[in-house]
Amino acid sequence: KNALISIFGQRVTHQLRSNMTEKLNRLPADYFTRNDSGALTSLFVNDVDTIQTLFDDGIISMITDLCTLAGILVVVFRFSKGLGLLLLIALPVLFLFTRHCQKRMRKAQLDYRQMVADLSDQIPQTIKNRRTIRVYQASTYMEKLYDATIRRSSDAMEQSNFYDSIYSPVIITTSSIVIAIMMTLAAMGGRWTAFFGMGAGTAV
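Note that the structure is predicted; figures quoted are calculated from it, not measured.

### Looking at the environment of Thr 53
Inference 1: As for its position among the elements, Thr 53 is in helix H3 (residues 37-79).
Inference 2: Sequence separation between Thr 53 and Leu 16 is 37 residues; the distance between their C-alpha atoms is 14 Å.

Below is the structure:
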(Lines give C-alpha, C1' and ligand atoms only; values in the text may rest on other atoms or scores of the structure.)
Protein backbone atom coordinates (compact mmCIF):
# COMPACT_ATOMS: atom_id res chain seq x y z
CA LYS A 1 0.00 0.00 0.00
CA ASN A 2 2.78 2.42 0.94
CA ALA A 3 4.65 1.67 -2.29
CA LEU A 4 1.57 2.30 -4.43
CA ILE A 5 0.79 5.50 -2.53
CA SER A 6 4.35 6.77 -3.01
CA ILE A 7 4.40 5.95 -6.72
CA PHE A 8 1.00 7.52 -7.37
CA GLY A 9 1.87 10.52 -5.19
CA GLN A 10 5.04 11.13 -7.20
CA ARG A 11 3.05 11.00 -10.42
CA VAL A 12 0.52 13.48 -9.07
CA THR A 13 3.33 15.78 -7.94
CA HIS A 14 5.08 15.55 -11.31
CA GLN A 15 1.86 16.27 -13.19
CA LEU A 16 1.01 19.17 -10.89
CA ARG A 17 4.42 20.81 -11.36
CA SER A 18 4.22 20.23 -15.11
CA ASN A 19 0.83 21.96 -15.27
CA MET A 20 2.16 24.82 -13.17
CA THR A 21 5.14 25.22 -15.51
CA GLU A 22 2.86 25.33 -18.55
CA LYS A 23 0.74 28.01 -16.89
CA LEU A 24 3.88 29.91 -15.92
CA ASN A 25 4.84 30.11 -19.58
CA ARG A 26 1.44 31.57 -20.46
CA LEU A 27 1.47 34.31 -17.83
CA PRO A 28 2.02 37.93 -18.96
CA ALA A 29 5.30 39.63 -18.15
CA ASP A 30 3.75 42.05 -15.65
CA TYR A 31 2.84 39.10 -13.43
CA PHE A 32 6.54 38.58 -12.67
CA THR A 33 7.00 42.24 -11.76
CA ARG A 34 4.03 42.16 -9.39
CA ASN A 35 5.03 38.89 -7.66
CA ASP A 36 8.29 38.03 -5.97
CA SER A 37 10.45 35.24 -7.32
CA GLY A 38 10.66 33.67 -3.87
CA ALA A 39 6.88 33.33 -3.74
CA LEU A 40 6.87 31.50 -7.08
CA THR A 41 9.66 29.21 -5.91
CA SER A 42 7.74 28.47 -2.72
CA LEU A 43 4.67 27.53 -4.76
CA PHE A 44 6.63 25.03 -6.85
CA VAL A 45 8.68 23.54 -4.02
CA ASN A 46 7.08 23.93 -0.59
CA ASP A 47 3.39 24.01 -1.47
CA VAL A 48 3.52 21.08 -3.89
CA ASP A 49 5.49 19.04 -1.35
CA THR A 50 2.81 19.86 1.23
CA ILE A 51 0.12 18.61 -1.15
CA GLN A 52 2.04 15.38 -1.66
CA THR A 53 2.38 14.93 2.10
CA LEU A 54 -1.36 15.49 2.47
CA PHE A 55 -2.03 12.86 -0.18
CA ASP A 56 0.44 10.32 1.27
CA ASP A 57 -0.48 10.69 4.95
CA GLY A 58 -3.90 12.33 4.99
CA ILE A 59 -6.29 11.24 2.25
CA ILE A 60 -5.60 7.50 2.39
CA SER A 61 -5.74 7.49 6.20
CA MET A 62 -8.98 9.50 6.08
CA ILE A 63 -10.61 6.93 3.78
CA THR A 64 -9.41 4.09 6.02
CA ASP A 65 -10.68 5.85 9.16
CA LEU A 66 -14.05 6.51 7.50
CA CYS A 67 -14.50 2.83 6.71
CA THR A 68 -13.42 1.93 10.26
CA LEU A 69 -15.92 4.42 11.72
CA ALA A 70 -18.76 3.00 9.62
CA GLY A 71 -17.88 -0.53 10.75
CA ILE A 72 -17.76 0.52 14.40
CA LEU A 73 -21.19 2.16 14.18
CA VAL A 74 -22.69 -0.97 12.61
CA VAL A 75 -21.25 -3.19 15.35
CA VAL A 76 -22.31 -0.78 18.12
CA PHE A 77 -25.91 -0.60 16.88
CA ARG A 78 -25.98 -4.38 16.59
CA PHE A 79 -24.92 -4.92 20.21
CA SER A 80 -26.37 -1.82 21.92
CA LYS A 81 -28.96 0.59 20.59
CA GLY A 82 -28.47 2.78 23.66
CA LEU A 83 -24.77 3.26 23.01
CA GLY A 84 -25.52 3.87 19.34
CA LEU A 85 -27.96 6.61 20.32
CA LEU A 86 -25.34 8.21 22.58
CA LEU A 87 -22.88 8.19 19.68
CA LEU A 88 -25.44 9.78 17.35
CA ILE A 89 -25.91 12.55 19.91
CA ALA A 90 -22.17 13.09 20.36
CA LEU A 91 -21.14 12.90 16.70
CA PRO A 92 -22.80 16.18 15.54
CA VAL A 93 -21.16 18.05 18.41
CA LEU A 94 -17.78 16.56 17.55
CA PHE A 95 -18.36 17.33 13.88
CA LEU A 96 -19.05 21.02 14.60
CA PHE A 97 -16.00 21.20 16.88
CA THR A 98 -13.88 19.54 14.21
CA ARG A 99 -15.07 22.01 11.56
CA HIS A 100 -14.27 24.93 13.87
CA CYS A 101 -10.75 23.67 14.47
CA GLN A 102 -10.35 22.85 10.79
CA LYS A 103 -11.25 26.38 9.66
CA ARG A 104 -8.97 28.02 12.20
CA MET A 105 -6.08 25.68 11.39
CA ARG A 106 -6.61 26.23 7.65
CA LYS A 107 -6.38 30.02 8.07
CA ALA A 108 -3.25 29.65 10.22
CA GLN A 109 -1.68 27.29 7.69
CA LEU A 110 -2.42 29.70 4.82
CA ASP A 111 -0.81 32.52 6.78
CA TYR A 112 2.18 30.30 7.48
CA ARG A 113 2.54 29.35 3.80
CA GLN A 114 2.50 33.06 2.90
CA MET A 115 5.21 33.75 5.46
CA VAL A 116 7.31 30.89 4.07
CA ALA A 117 6.98 32.44 0.61
CA ASP A 118 8.06 35.82 1.97
CA LEU A 119 11.07 34.27 3.71
CA SER A 120 12.00 32.40 0.54
CA ASP A 121 12.05 35.73 -1.28
CA GLN A 122 13.83 37.80 1.35
CA ILE A 123 16.91 35.63 1.68
CA PRO A 124 18.01 35.63 -2.00
CA GLN A 125 17.01 39.29 -2.38
CA THR A 126 19.14 40.22 0.62
CA ILE A 127 22.13 38.31 -0.71
CA LYS A 128 21.69 39.79 -4.19
CA ASN A 129 21.51 43.36 -2.89
CA ARG A 130 24.02 43.04 -0.06
CA ARG A 131 26.28 45.76 -1.47
CA THR A 132 23.41 48.23 -1.74
CA ILE A 133 22.30 47.37 1.79
CA ARG A 134 25.83 48.00 3.07
CA VAL A 135 26.22 51.29 1.19
CA TYR A 136 22.95 52.69 2.54
CA GLN A 137 23.57 51.17 5.99
CA ALA A 138 20.25 49.33 5.86
CA SER A 139 21.43 46.23 7.69
CA THR A 140 19.38 47.05 10.79
CA TYR A 141 16.28 47.67 8.68
CA MET A 142 16.67 44.35 6.83
CA GLU A 143 17.26 42.56 10.12
CA LYS A 144 14.06 44.01 11.61
CA LEU A 145 12.13 43.13 8.43
CA TYR A 146 13.41 39.56 8.53
CA ASP A 147 12.67 39.23 12.26
CA ALA A 148 9.12 40.52 11.75
CA THR A 149 8.47 37.95 9.02
CA ILE A 150 9.83 35.13 11.19
CA ARG A 151 7.69 36.34 14.11
CA ARG A 152 4.52 36.36 11.99
CA SER A 153 5.24 32.87 10.66
CA SER A 154 5.88 31.67 14.21
CA ASP A 155 2.59 33.18 15.43
CA ALA A 156 0.68 31.50 12.59
CA MET A 157 2.27 28.12 13.33
CA GLU A 158 1.65 28.57 17.05
CA GLN A 159 -2.06 29.14 16.41
CA SER A 160 -2.21 26.01 14.29
CA ASN A 161 -0.37 24.02 16.97
CA PHE A 162 -2.77 25.33 19.63
CA TYR A 163 -5.85 23.90 17.90
CA ASP A 164 -3.94 20.72 17.11
CA SER A 165 -3.02 20.34 20.80
CA ILE A 166 -6.54 20.85 22.19
CA TYR A 167 -8.31 18.66 19.62
CA SER A 168 -7.22 15.25 20.92
CA PRO A 169 -7.93 16.03 24.63
CA VAL A 170 -11.44 17.21 23.75
CA ILE A 171 -12.11 14.03 21.76
CA ILE A 172 -10.73 11.81 24.53
CA THR A 173 -12.74 13.68 27.19
CA THR A 174 -15.95 13.35 25.16
CA SER A 175 -15.27 9.64 24.70
CA SER A 176 -14.78 9.21 28.44
CA ILE A 177 -18.03 11.07 29.18
CA VAL A 178 -19.98 8.86 26.75
CA ILE A 179 -18.50 5.72 28.31
CA ALA A 180 -19.29 6.98 31.82
CA ILE A 181 -22.91 7.72 30.88
CA MET A 182 -23.27 4.32 29.24
CA MET A 183 -21.78 2.48 32.23
CA THR A 184 -23.91 4.43 34.71
CA LEU A 185 -27.18 3.85 32.87
CA ALA A 186 -26.40 0.20 32.10
CA ALA A 187 -25.65 -0.43 35.80
CA MET A 188 -29.00 1.00 36.93
CA GLY A 189 -30.76 -2.17 35.84
CA GLY A 190 -34.33 -2.58 34.64
CA ARG A 191 -35.29 -0.83 31.44
CA TRP A 192 -31.89 0.84 31.09
CA THR A 193 -30.08 -2.49 31.03
CA ALA A 194 -32.52 -3.78 28.42
CA PHE A 195 -32.15 -0.57 26.40
CA PHE A 196 -28.39 -0.87 26.30
CA GLY A 197 -28.74 -4.60 25.75
CA MET A 198 -25.41 -5.69 27.17
CA GLY A 199 -23.97 -7.41 30.15
CA ALA A 200 -20.95 -6.32 32.15
CA GLY A 201 -18.48 -8.11 29.88
CA THR A 202 -19.91 -6.65 26.69
CA ALA A 203 -19.93 -3.18 28.25
CA VAL A 204 -16.25 -3.45 29.14
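### Observations regarding the packing of H3 against helix H4 (residues 81-128)
What describes two packed helices is the angle between their axes and the distance between those same axes.
Inference 1: Where H3 meets H4, the closest approach of the two axes is 11 Å, and the angle between their N-to-C directions is 170°. Classified by the angle between their axes, H3 and H4 sit roughly antiparallel to one another.
Inference 2: Here the residues of the contact of H3 with H4 sort into twelve nonpolar, eight polar and four charged.

### Digging into the packing of helix H1 (residues 2-26) against H3
Inference 1: Orientation of H1 relative to H3, taken along the N-to-C sense of each, is 150°, at an axis distance of 10 Å. When the interaxial angle is binned, H1 and H3 end up roughly antiparallel. Seen from above, H1 lies across H3 with right-handed handedness. On H3, the residues touching Ile 5, Phe 8, Gly 9, Gln 10, Thr 13, Leu 16, Arg 17, Met 20, Thr 21 and Leu 24 of H1 are Leu 43, Phe 44, Val 45, Val 48, Asp 49, Ile 51, Gln 52, Phe 55, Asp 56 and Ile 60.

### With respect to the environment of His 14
Inference 1: Following the sequence through the fold, His 14 ends up in helix H1.
Inference 2: Judged by its relative accessible area of 57%, His 14 is exposed.

### Side note on the nonpolar core
Inference 1: Val 76, Leu 83, Leu 86, Ala 90, Val 178, Met 182, Leu 185, Ala 186 and Phe 196 together form the largest nonpolar core, which totals nine residues.
Inference 2: Going through the elements one at a time, H4 and helix H6 (139-187) are the ones with two or more residues in this core.
Inference 3: Setting aside its immediate chain neighbours within four residues, Ala 186 contacts Thr 193 and Phe 196.

### Structural notes on the pattern of salt bridges
Inference 1: Using the criterion set out here, one finds three salt bridges in the structure.
Inference 2: Asp 30 serves as the salt-bridge partner of Arg 34, at 3.8 Å between the closest nitrogen and oxygen. With a gap of four residues between them, Arg 34 and Asp 30 both fall in helix H2 (residues 29-34), about one helical turn apart.
Inference 3: Arg 34 gets classed as exposed once you look at its relative accessible area, which sits at 55%.
Inference 4: Looking at Asp 30, the relative accessible area reads 39%, which means it is partly exposed.

### Quick word on a nonpolar patch on the surface
Inference 1: On the surface, Leu 85, Ile 89, Met 188, Trp 192 and Phe 195 cluster together into a nonpolar patch covering about 510 Å² of accessible area.
Inference 2: Of all the secondary-structure elements, those providing two or more residues to the nonpolar patch are H4 and helix H7 (191-196).
Inference 3: Looking at the secondary structure, you find Trp 192 in helix H7.
Inference 4: A residue is classified by how much of its surface remains accessible, and Trp 192, at 38% relative accessible area, is partly exposed.

### Here's the deal with the side chain of Ser 153
Inference 1: Structurally, Ser 153 is set in helix H6.
Inference 2: Beyond its immediate stretch of four places on either side in the chain, Ser 153 contacts Tyr 112, Met 115 and Leu 119.

### What to know about the side chain of Thr 149
Inference 1: For Thr 149, the location among the structural elements is in helix H6.
Inference 2: Residues within four places of Thr 149 in sequence aside, it is in contact with Met 115, Asp 118, Leu 119 and Gln 122.

### Here's the deal with the packing of aromatic side chains
Inference 1: Applying the stated criterion across every chain, the model contains three aromatic pairs.
Inference 2: Ring centres 5.7 Å apart and planes at 90° place the aromatic pair Tyr 31 and Phe 32 in the edge-to-face group.
Inference 3: Both rings, one in Phe 97 and one in Tyr 167, keep their centres 5.7 Å apart while their planes meet at 5°; by these two values the pair is stacked. With Phe 97 in helix H4 and Tyr 167 in helix H6, this residue pair connects regions lying 70 residues apart in the sequence.
Inference 4: For Tyr 167, a relative accessible area of 28% puts it in the partly exposed group.

What counts and what doesn't
Residues numbered from 1 in each chain as written. Predicted model: local features only at pLDDT ≥ 70, side-chain atom pairs only at ≥ 80, totals over all residues. Heavy atoms only, no water. Helix = DSSP H or I, 4+ residues; strand = E, 2+ residues; numbered from the N terminus. Axes fitted to C-alpha atoms, helices over the stretch in contact; angles between N-to-C directions. Parallel < 35°, antiparallel > 145°, perpendicular 65-115°, else oblique. Nonpolar A, V, L, I, M, F, W, Y, C, P; charged D, E, K, R; others polar. Left-handed = near helix turned anticlockwise from the far one by under 90°. Contact = heavy atoms within 4.5 Å. Buried < 20%, exposed > 50% of the residue type's maximum accessible area, 1.4 Å probe, protein only. Core = buried A, V, L, I, M, F, W, Y, C linked by side-chain atoms within 4.5 Å. Salt bridge = Lys/Arg side-chain N within 4 Å of Asp/Glu carboxyl O. Patch = residues over 30% accessible without salt bridge, like charges linked within 9 Å, V, L, I, M, F, W, Y side chains within 5 Å. Areas by Shrake-Rupley, 256 points an atom, 1.4 Å probe, with all protein chains shown as cover. Phe/Tyr/Trp six-rings, centres within 6.5 Å; stacked < 30°, edge-to-face > 60°.

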